[in-house]
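# Structure at a glance
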Amino acid sequence: MLDEAIRKAVGERLWNARQIRILSHMRPDGDAIGSMLGLGLCLTAAGKTVQMVLTDGVPYTFRHLQGADLITKKPGEKVDLVVSLDCSDLGRLGDVLNDSGVPEINIDHHITNTNFGALNLVDPEAVATAALLTECLPDWGFTISQEAAAALMNGLVSDSLGFRTSNMNSKALRLAANLMEAGANLPEIYNQALLRRSYTAARYWGAGLLRMQREDRIVWTSLTLEDRQTVEYNGNDDADLINILSTIDDFDIALIFIEQRGGKVKVSWRSSPGVDVSQLAVSFGGGGHPAAAGAEITGTMEEVQQQVLTATRSALATGTIPENQG
Ligand code: 5GP
Ligand code: MN
């Protein structure tokens, strides 16, 4: 089906359904939450019964968003439509599929999306899934309320790191303007999503920054379970430290290794324009975008660091990292 036909079919299917469950990926980020609330609030306003389910719940940073308290960790009663948002593959949804099977609608912007749905609305040129939704919702006939606009703006601002990622385009700015006109408070959302940090998160950054290393064109660091315990940081993520690492001058790739329970390590890659790390992440069972990708890898910190650094070095050296044309 052509893109236009898929868009139309998705809109029709959303209107036809009565009970809709919306899912997104584990360790949800601002786009996962923003897209979920944006679509969820629009569907609710249109008279649908909506479940919003995230296996890891809503992180502290996004709990202030209107409707965030409606998001549950487990699916509710049977529904007649399941929609996946901002999620590149089924495994990333976590343990939320129960009765429903594979989501029928898959709306996303990851280039690594596996097109697992019956209707796959996947646009890798969209800077955020929330941007794609901001474009489609009015065409489908849904009204974006102030609360939905705030949520969608949260997604757009988060994934574009405040309109500065290399995939940024004029369309995204126009969509942001539409959201402002619908009542989204850009400065407040920008501050909350990207700048404000808890004291413990800043101390956690400190642990990671002290351990930072570099080699040729790569800069990296790690965060351990012990670091989190020491500073009393409650998440299992890097508190966005990778975005600080990736602002350091004169590197092609920034990497972070975050120790997880159960003998796993979460890895995040960030690259300078022209270097594509998405396939490197895919080779470790993960995925993402050309300039920002991640994977969760089984092994000790030392093992995973060795494997990932070796693969990253050799990909850079042999130039097997494809050029990012975007
Ligand atoms: P982050 O490194 O901030 O977790 O994620 C960067 C990008 O890579 C995001 O778009 C995210 O969805 C994707 N990503 C991160 N971890 C994984 C993973 O384990 N699997 C897949 N498929 N994508 C991931
Ligand atoms: Mn996204």
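Here's a quick rundown of the structure. Computed from a predicted model, the values in this text were never measured in an experiment.

Arg-92, His-110, Lys-266, Ser-268 and Arg-270 are the nearest of the 16 residues found near ligand 1. The side chain of Arg-92 places a nitrogen or oxygen atom 2.9 Å from an oxygen atom of ligand 1. His-289 has a polar side-chain atom sitting 3.1 Å from an oxygen atom of ligand 1. When ligand 1 sits alone it has 490 Å² of accessible area, and the protein chains cover 85% of it. Listed by contribution, the elements that provide at least two residues to the shell around ligand 1 are strand E10 (264–271), strand E11 (287–288) and strand E12 (292–298). Per-element tally for the shell around ligand 1: the top contributor is E12, with five residues. For the shell around ligand 1, the residue count by class is three nonpolar, eight polar and five charged.

Looking now at the coordination of the manganese ion (ligand 2). Each donor-metal-donor angle in an ideal tetrahedron of four donors is 109.5 degrees, and each such angle in an ideal octahedron of six donors is either 90 or 180 degrees. Each protein donor to the manganese ion (ligand 2) is listed here as Asp-31 (OD), Asp-86 (OD), His-109 (NE2) and Asp-159 (OD); together their distances run 2.1 to 2.3 Å. When the donor residues of the manganese ion (ligand 2) are listed from N- to C-terminus, their spacing reads D-x54-D-x22-H-x49-D. Taken as a pair, Asp-86 in the loop between strand E4 (81–85) and strand E5 (105–108) and His-109 in the loop between E5 and strand E6 (119–122) lie far apart in primary sequence, 23 residues in all. Across the pair, His-109 and Asp-86 agree in class, each one buried.

Before going further, it helps to spend a moment on the pattern of salt bridges. A full pass over the atoms with the stated rule returns eleven salt bridges. Measuring nitrogen to oxygen at the nearest pair gives 2.5 Å for the salt bridge that ties Arg-313 to Glu-215. Here Arg-313, found in helix H11 (residues 301–318), pairs with Glu-215, found in strand E7 (residues 213–215); they are 98 residues apart in sequence, far enough to count as distant. Among the charged side chains, a network of salt bridges with common partners joins Asp-3, Arg-7, Glu-135 and Lys-171.

Further remarks concern the sheet that holds strand E8 (residues 218–223). The strand order across the open sheet formed by six strands is E7-E8-E9-E10-E12-E11, and the pairing between neighbours is mixed. Two strands close off the open sheet at either side, each with one partner strand: E7 and E11. Summarising the sheet, E10 and E12 pair through seven bridges and their orientation is antiparallel. Pairing of Ser-268 across the sheet is with Gly-294, part of E12. Relative to the sheet, H11 contacts E7, E8, strand E9 (253–260), E10 and E12, its axis offset from that of E9 by approximately 160 degrees.

Here is what the cut-offs are and how they apply
- Just so you know, the residues in each chain are numbered from 1, in the order the chain's sequence is written.
- Chains and ligands are labelled by the order in which they are written, letters from A for the one and numbers from 1 for the other.
- Only residues with pLDDT of at least 70 are given local features in this predicted model, and only at 80 or more are side-chain atom pairs given and counted; all residues enter the totals for whole chains, interfaces and linings.
- Neither water nor hydrogens contribute to the side-chain values; these are computed over all heavy atoms in the structure.
- The rule for a residue being near a molecule or strand is that one of its heavy atoms must lie within 4 Å of it.
- Two N or O atoms form a polar contact when they lie within 3.5 Å of each other; inside protein one atom must be a possible hydrogen donor and the other a possible acceptor, and for residues adjacent in sequence the pair counts only when both atoms belong to side chains.
- Accessible surface is estimated by sampling points in the Shrake-Rupley manner with a 1.4 Å probe; for residues, cover comes only from the protein chains shown.
- Labels follow the DSSP assignment, with helices taken as runs of H or I lasting at least four residues and strands as runs of E lasting at least two, numbered in each case from the N terminus.
- Polar here means any residue outside two lists: the nonpolar Ala, Val, Leu, Ile, Met, Phe, Trp, Tyr, Cys and Pro, and the charged Asp, Glu, Lys and Arg; Gly therefore counts as polar.
- For Na, K and Ca the donor cut-off is 3.2 Å, while for other metals it is 2.8 Å, and in both cases only N, O and S atoms qualify; water is not among them, so sites may look incomplete.
- Exposure categories follow from relative accessible area, calculated using a 1.4 Å probe and restricted to protein chains: below 20% of the type maximum is buried, above 50% is exposed, and the middle band is partly exposed.
- The salt bridge criterion pairs a side-chain nitrogen of Lys or Arg with a carboxyl oxygen of Asp or Glu, the two atoms within 4 Å.
- Following DSSP output, two strands are said to pair if at least two bridges run between them.
- Only heavy atoms enter the contact rule, under which two residues are in contact if any of them lie within 4.5 Å.
- Angles run from 0 to 180 degrees between N-to-C directions of axes, and those axes are lines fitted to C-alpha atoms, restricted for helices to the stretch in contact.

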